[in-house]
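# Overview (structure and organization)
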Number of protein chains: 4
Amino acid sequence: MLIVMQKDATPQQVENVVARVRSQGLSVHLSQGAERVVIGAIGDDRSVSKDQFMLLEGVDRVLPILRPYKLASREFSDTDTQVKIGEREVGGNAVVLIAGPCSVESRGQILEIAHAVREAGAHALRGGAYKPRTSPYSFQGLGAEGLELLAEARAATGLPIVTEVLATEQVQQVSQAADVLQIGARNMQNFALLHAIGETRKPALLKRGMSATVEELLMAAEYILSHGNRQVILCERGIRTFETATRNTTDINAVPVLKSLTHLPVLLDPSHSTGLWQFVTPVARAGIAAGADGLIIEVHPHPEEALSDGSQSLKPERFAELVRQVRAVAEAVGRTVA
Amino acid sequence: MLIVMQKDATPQQVENVVARVRSQGLSVHLSQGAERVVIGAIGDDRSVSKDQFMLLEGVDRVLPILRPYKLASREFSDTDTQVKIGEREVGGNAVVLIAGPCSVESRGQILEIAHAVREAGAHALRGGAYKPRTSPYSFQGLGAEGLELLAEARAATGLPIVTEVLATEQVQQVSQAADVLQIGARNMQNFALLHAIGETRKPALLKRGMSATVEELLMAAEYILSHGNRQVILCERGIRTFETATRNTTDINAVPVLKSLTHLPVLLDPSHSTGLWQFVTPVARAGIAAGADGLIIEVHPHPEEALSDGSQSLKPERFAELVRQVRAVAEAVGRTVA
Amino acid sequence: MLIVMQKDATPQQVENVVARVRSQGLSVHLSQGAERVVIGAIGDDRSVSKDQFMLLEGVDRVLPILRPYKLASREFSDTDTQVKIGEREVGGNAVVLIAGPCSVESRGQILEIAHAVREAGAHALRGGAYKPRTSPYSFQGLGAEGLELLAEARAATGLPIVTEVLATEQVQQVSQAADVLQIGARNMQNFALLHAIGETRKPALLKRGMSATVEELLMAAEYILSHGNRQVILCERGIRTFETATRNTTDINAVPVLKSLTHLPVLLDPSHSTGLWQFVTPVARAGIAAGADGLIIEVHPHPEEALSDGSQSLKPERFAELVRQVRAVAEAVGRTVA
Amino acid sequence: MLIVMQKDATPQQVENVVARVRSQGLSVHLSQGAERVVIGAIGDDRSVSKDQFMLLEGVDRVLPILRPYKLASREFSDTDTQVKIGEREVGGNAVVLIAGPCSVESRGQILEIAHAVREAGAHALRGGAYKPRTSPYSFQGLGAEGLELLAEARAATGLPIVTEVLATEQVQQVSQAADVLQIGARNMQNFALLHAIGETRKPALLKRGMSATVEELLMAAEYILSHGNRQVILCERGIRTFETATRNTTDINAVPVLKSLTHLPVLLDPSHSTGLWQFVTPVARAGIAAGADGLIIEVHPHPEEALSDGSQSLKPERFAELVRQVRAVAEAVGRTVA
């Protein structure tokens, strides 16, 4: 970390900062600028509070040099991490497609969709049993029954299951039914949940919070990684901005930015990042063109009957068309769709 | 809800929408505009999915008319709700001041601060035992031990305790030590937690999420209210914007906006909403001037030693000065500080 | 427009609103809902102030039904507008590539780049003669001399010229040297400038303001169109959000959203929308995959010597590689690069 | 500026950066950290491009140390600048109130309002003659005739005039009628206009752009200051965020932040920063409580007839009440309303 002193800082104030840097087990490098002194604190300062320096007399700013995450960084691992979803690896050359309804609504519905998306080319089935809904008056998911229906759909189609965990007490139960534990955007900084999932050895699909920076997403991944679970998949699902024409704003930059900062695989969820089915396919193509390792897509045979997220769900035949278009783009950028 | 048809919608498409509106138990009012047909769906449609209409052929837009929250609205209750914190009521004419450290760090620290803030005029003590930290490598709070220390501080000073609950499994334990259960910004949409706190009869202090709209904050309150807990206090704590000069942007508008939309009391947390102690006092004054029912302020005797949030913590003597200034502003707007 | 009355609005208040609607030459359609009356104002109300109704006693909200732009809308014109840049058409099946330096810096520089980008496959040359710079101490462009150098580069390479106009008094002068008048993001709502460019018959390349909605971009286009200039090209160049890993956030959703709302051609500027050369090529690919009609890219032979925007400039050989990759993606989505 | 090298930067790459730093007339200070080398570039680097270093091989990040503005900074001038509006000084202990309609609409309207706001306690009259409107179909202001009516209102009431300049070619004409030249939010980065106003010796009221950072606002002020005009008043008028309950989000933090960074006076415009008259008075009180040097408020006798901004305009009697309330708050914070 670098500590920039105020223009008029006294030698005593500089001394004081230097002493505190040393007291934290860091060494010191002093630099006298044209207008200010800059104090370099040398050593691994990831667990040292920056605030303590901000508050010393004569300090103007504190600039971190090391990135706050470690296990998630490219500097920690040169090789791209590949995470298994069923028999596929996410993070390799082949693009992985996860598809299914927002919520599991009934046995008929989930089986119909599971067959349809497998036929269209999906590699895994998504579907929510426990649903985080902004209104207490909306459908909250089928819960345990939904998990059983997902297990049945897996048995019927062979597709591995991706489903969301909302609370620490659900982790064990959901782990039995699911191949991948999804952490939703609203829980990206539910640290108790991240910790609990870090204790499992199930692949985790971590969605970016709707106002989280890329760095905070990587810190959330670090929580899981630091508790021993190395199978983390990141997912861009749109951020909140002033734009109201779409439900969220797809931060397409985040795809290559994440690929440059981390070795973890990166998915795009164009269903949530647009919120309108009309724009899902073009944005899905964009995600693959930008370098995403896969997509997660909401599909429903009768979107107008869906109990949640109907507006952003594709009908199975439109999903099949999406797969065709995505395959063409994947090949154009030197990748395949398995 | 109003359903605006596309310019070129066919009579058959209009028919189709009308039929679906009726199938949801709503009645229909048709309006033929200059360019478009607008279909009014009449009845309480809070639990009716808007998406289903968006997806029907010929529909351009769906405009909700009813607000999505009910129990939290001014229309539900004309009278301002007053919530007890110890023996004080939040939401009446007297402004309530909650102060204390970000985290409980030690017996000595919490007792020293408790005495100091009581002396300076605080009505309740805040302090985190379970801490949500963005880095897994940062101090995570003292947990159960912290709760015991808070209980001891209450016994020593008589100040009621406000402390955060991070997970559903902590609700019971924290309820024993705390007078008010705080729900942090990162958990504003942790619906499992909201539900669990809704089942208690403890006052809840609900912080606005850092990218939550005012409406979403009210929907989160609705979760708690709808499970039977009517003692909810709202708290503006800054939102995330592009501005980087401060940690967050204090949405001061939210104070009078919330007071106009809801009967629940509204606090401001200028420590988090600015992130820098230099700006806490002016923004605290602004909060009271705008009509807030109270403040929650971080205080630490040695901010540069604080294990968290030192940059935004006031020293006790500065907090005492804040209380003096806030009292003057409160009186200028016809209120008191108890 | 629809006027939603408050829950407790009196018949007299409804009468009053109805009378005012009629006084504006609109007719009225009344709808009695479960809780509220909704008044439909029927007729073309684009030039009628909505505010006047907001302020009448008993009114809760005013909801516009018609989009505020007309000439820019798909409803005005079914056919995609194609705008000529030199001999190419932007907005047809072939993707158009505009490339060049941020600023014209010298005769040698602009000629070298012009030849390089033409060779690499660009169809037009960009380069700023008048530069809007956030610091008064930064290089402000070569002005008139820059325009002459651009004209010379056109003569030498045959590439049409795209360059920015900063002020109404420059419109005539820049029109002589330029084939396309660029309106920068900071001037998207410089209405005097939009008006002046609307009076010319030069193609205009209108960049989205950094906090402008898609609707505001279309309203800015409407200014130009309504003054008679129908040759408007829209350009997404990134918006401002809380994310700091990149200079701006590429709103990739805006590409298909704009294509659905307007008949005007849509470009992407991945240089500004990312701000870092490393991410320009993947985001350029994403833009074409999402349906953009072309790209505008900053290229400089020695980015580290560039007087502006060096960080986001590609070297010519990297631009050539971008063209190859973009061509592959264009073909994958059924388009060509001319 | 500090240049942080990548973890694996070679000695040759460090050498190369050092050479370039020296070539810019800066001296060098090298610091070898635990993981990385940091190169300090010492000297006044405000006019040195940071980009050139970003692009050198082995460079990870470039961190500016000096603030980019100089004349606007507190370090440049210890004393608060006071700017004259008529016979009052903005920036001293007395709070200054500017009030009037959004647009000058007619002789009767502007004279009526001028008398009303003077009576209520305003010190200056605002009113737009040239109006920037988002729709080309909306009222665009009376132009030159509006300026004459403002001059007449000044003659009749003695109130100095604050009115907006939209384009460089209007500067001279508006300067004749106006005591203060207002630069609107949409023109905050219209550098041609800032330059032109910098050449005058008229006080300038510079509004923050709706997505401008505090630093960018100060850089815009620097444009005016650096061209010789030292009479600049800053104005917070709300920023754009995801919140839709109000037209903009009042960044109340910006008031004390600006007061700490600059010697220039700071106003708040609660009419634009809320967009709804109901919230203007509480937010006006908050502004003064936070330390603003004055307010600019929209007033209209018949807001429902206003040709623009009716929703956010106060009736004269409500403005008189605002003045009373603001006076009480001003006194509570040790200031006066003249």
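Residues numbered from 1 in each chain as written. Chains lettered and ligands numbered in written order. Predicted model: local features only at pLDDT ≥ 70, side-chain atom pairs only at ≥ 80, totals over all residues. Heavy atoms only, no water.

Our focus in this paragraph is the overall build of chain A. If you tally the helices and strands in chain A, you get 11 helices and 15 strands. Judged by the C-alpha coordinates and their principal axes, chain A covers about 75 × 45 × 40 Å. Looking at chain A residue by residue over its 338 residues, the buried ones come to 68%. Taking all contacts inside chain A whose residues are at least 6 apart in sequence as the whole, residues at least 24 apart take part in 67%. (Helix = DSSP H or I, 4+ residues; strand = E, 2+ residues; numbered from the N terminus. Buried < 20%, exposed > 50% of the residue type's maximum accessible area, 1.4 Å probe, protein only. Contact = heavy atoms within 4.5 Å.)

Residue and element names in this part refer to chain B. Taken together, the buried positions of helix α6 (residues 191-199) are occupied by F191, L193, L194, I197 and G198. Projected onto a plane normal to the axis of α6, the buried residues spread over an arc of 155 degrees and lie on a single side. Where the residues of α6 are buried, they touch α5 (171-177), β10 (180-183), β11 (204-207) and α7 (214-226). (Arc of directions from axis to C-beta.)

Bringing the packing of aromatic side chains into the picture now. The description of an aromatic ring pair uses the distance of the two centres, along with the angle that the planes make with each other. Residue and element names in this part refer to chain A. For the structure shown, the criterion picks out 4 aromatic pairs over all chains. On the numbers, 4.6 Å between centres and 25 degrees between planes, the contact of F191 with Y223 is stacked. Residue F191 is located in helix α6 (residues 191-199), and its partner Y223 is located in helix α7 (residues 214-226); the two are separated by 32 residues in the primary sequence. Neither F191 nor Y223 differs from the other in exposure class; each is buried. (Phe/Tyr/Trp six-rings, centres within 6.5 Å; stacked < 30°, edge-to-face > 60°.)

So, on to the relation of the copies chain D and chain A. Superposing chain D onto chain A takes a rotation of 180 degrees combined with a translation of 0.0 Å along the rotation axis, leaving an RMSD of 0.0 Å. Both chain copies can therefore be described as sitting about a two-fold axis. Judged by C-alpha distance, F242 of chain D is the residue of chain D that lies nearest the rotation axis, at 2.2 Å. Counting the interface residues of chain D, we find that 100% of their copies in chain A are interface residues as well, pointing to one common contact surface. (Least-squares fit on C-alpha atoms with pLDDT ≥ 70 in both.)

With 27 residues of chain D at the interface, the matching set in chain A holds 27 residues. Taking both partners together, chain D and chain A bury about 2,200 Å²; carbon and sulfur atoms supply 56% of that area. Among the residues chain D hides against chain A, the three largest losses belong to I65, E75 and F242 of chain D. Together they make up 22% of the total. At the junction of chain D and chain A, the tally comes to 4 salt bridges. Measuring nitrogen to oxygen at the nearest pair gives 3.0 Å for the salt bridge that ties E75 of chain D to R36 of chain A. At the junction of chain D with chain A, the criterion picks out 7 residue pairs in polar contact (both at pLDDT 80 or more). Elements that contribute at least two residues to the side of chain D that touches chain A include exactly β1 (2-5), β2 (27-32), β3 (37-42) and β4 (59-63) of chain D. Considering each element in turn, the side of chain D that touches chain A owes the most residues, 4 residues, to β2 of chain D. Classifying every residue of the side of chain D that touches chain A by side-chain character gives 11 nonpolar, 6 polar and 10 charged. (Buried area = accessible area lost by both parts, 1.4 Å probe. Salt bridge = Lys/Arg side-chain N within 4 Å of Asp/Glu carboxyl O. Polar contact = N/O pair within 3.5 Å; in protein donor to acceptor, adjacent residues only side chain to side chain. Nonpolar A, V, L, I, M, F, W, Y, C, P; charged D, E, K, R; others polar.)

Moving on, we get to the relation of the copies chain A and chain B. Mapping chain A onto chain B calls for a screw motion: a turn of 180 degrees about the axis and a shift of 0.0 Å along it, with 0.0 Å RMSD after fitting. Of the residues that chain A buries at the interface, 100% are likewise interface residues in chain B, meaning the two copies contact each other through the same surface.

A common way to state how big an interface is: give the accessible area lost once the parts meet. For chain A, the domain assignment lists domain 1 (2-63) and domain 2 (83-337). For domain 1 of chain A and domain 2 of chain A, the distance between their C-alpha centres works out to 44 Å. (Domains from an automatic or database assignment.)

Paired through their backbone hydrogen bonds, the strands of a sheet run either parallel or antiparallel. All names here are of chain C. Spatial ordering of the open sheet is given by β2-β3-β1-β4, a layout of 4 strands whose pairing is antiparallel. Each edge of the open sheet carries a strand with a single partner, namely β2 (27-32) and β4 (59-63). Taken over all neighbouring pairs, the strand axes of this sheet differ in orientation by 20 degrees on average, direction set aside. In terms of strand pairing, strand β1 (residues 2-5) meets strand β3 (residues 37-42) through 3 bridges, oriented antiparallel. Opposite L2, over in β3, you have G40 as the bridge partner. (Pairing = 2+ DSSP bridges. Axes fitted to C-alpha atoms, helices over the stretch in contact; angles between N-to-C directions.)

All right, on to the nonpolar core then. Taken as a class, soluble globular proteins show a tendency for nonpolar side chains to be buried jointly. In this structure, L206 and F319 of chain A together with L206 and F319 of chain C are the most contacted members of the largest nonpolar core, which totals 164 residues. Sequence-distant contacts of L206 of chain C, defined by excluding residues within four places in its chain, comprise I183, M188, L194, L217, A220, A221, I224, V232, I233, L234 and C235 of chain C. Counting residues in each nonpolar core, the second largest holds 163 residues, with L147, L264 and V337 of chain B together with L125 of chain D among its members. (Core = buried A, V, L, I, M, F, W, Y, C linked by side-chain atoms within 4.5 Å.)

All names here are of chain C. The full count for this structure, using the stated rule, is 76 salt bridges over all chains. Among the ionic pairs, R154 bridges to D179, the shortest N-O distance being 2.8 Å. Pair noted here: R154 is in helix α4 (residues 144-157) and D179 is in the loop between α5 (171-177) and β10 (180-183), with a separation of 25 residues, a long-range link. The exposure class assigned to R154 is partly exposed, which follows from its relative accessible area of 23%.

A few words now on the interface of chain A and chain B. Each partner contributes residues to the interface: chain A has 47 residues there, and chain B has 47 residues. Summing the contributions of chain A and of chain B, the shared interface buries around 3,700 Å²; its carbon and sulfur component is 52%. Among the residues chain A hides against chain B, the three largest losses belong to L55, Y137 and E304 of chain A. Together they make up 18% of the total. Linking chain A with chain B are 4 salt bridges. The closest approach of N and O atoms between R240 of chain B and E216 of chain A, which form a salt bridge, is 2.6 Å. Our count for the contact surface shared by chain A and chain B stands at 25 residue pairs in polar contact (both at pLDDT 80 or more). Looking at which element gives the most residues to the side of chain A that touches chain B, the answer is α7 of chain A, with 5 residues. In the side of chain A that touches chain B, the residues fall into 20 nonpolar, 15 polar and 12 charged.

Time to look at the packing of helix α10 (residues 280-290) of chain A against helix α10 (residues 277-290) of chain C. Packed helices, taken two at a time, are described by their axes: the angle between them and the distance between them. Relative orientation of the contacting elements α10 of chain A and α10 of chain C amounts to 155 degrees, with a least axis distance of 7 Å. Taken together, the axis directions place α10 of chain A and α10 of chain C in an arrangement best described as roughly antiparallel. Like other packed secondary-structure pairs, α10 of chain A and α10 of chain C cross with a definite hand, here right-handed. Residues P282, R285, A286, A289 and A290 of chain A of α10 of chain A lie in contact with α10 of chain C, whose contacting residues are P282, R285, A286, A289 and A290 of chain C. Taken together, the residues of the contact of α10 of chain A with α10 of chain C break down into 8 nonpolar, no polar and 2 charged. (Parallel < 35°, antiparallel > 145°, perpendicular 65-115°, else oblique. Left-handed = near helix turned anticlockwise from the far one by under 90°.)

Moving on, we get to helix α11 (residues 316-332) of chain B. Under the 1.5 Å per step criterion, the end-to-end length of α11 of chain B is 24 Å for 17 residues, consistent within 8% with the ideal 24 Å. Of the residues making up α11 of chain B, those classed as buried are P316, F319, A320, L322, V323, V326, V329 and A330 of chain B. Buried-residue contacts for α11 of chain B involve β7 (94-100), α3 (107-120), α10 (280-290), β14 (294-298) and β15 (336-337) of chain B together with α11 (316-332) of chain D. One or two residues past the end of α11 of chain B sits G334 of chain B, with phi positive at roughly 80 degrees. (Expected span 1.5 Å × (residues − 1).)

A few words now on the environment of L159 of chain C. Residue and element names in this part refer to chain C. Summarising the element assignment, L159 is placed in the loop between α4 and β9 (161-164). We classify L159 as buried; its relative accessible area is 4%. In this structure, the C-alpha to C-alpha distance between L159 and H123, residues 36 residues apart in sequence, is 6.3 Å. Setting aside its immediate chain neighbours within four residues, L159 contacts A114, V117, R118, A122, H123, A124, L125 and R154.

Right, let's get into the sheet that holds β3 of chain D. Residues and elements named next belong to chain D. Strands sit in the order β2-β3-β1-β4 across an open sheet of 4 strands; the sheet is antiparallel. The open sheet has two edge strands, β2 and β4, and neither has a second partner. Averaged over all adjacent pairs, the angle separating strand axes in this sheet is 20 degrees, with direction ignored.

On to the state of the cysteines, then. Residues and elements named next belong to chain B. The full count for this structure, using the stated rule, is 0 disulfides over all chains. With no disulfide of its own, C235 lies 14 Å from the sulfur of C102, the closest cysteine sulfur. Judged by its relative accessible area of 0%, C235 is buried. (Disulfide = S-S within 2.5 Å.)

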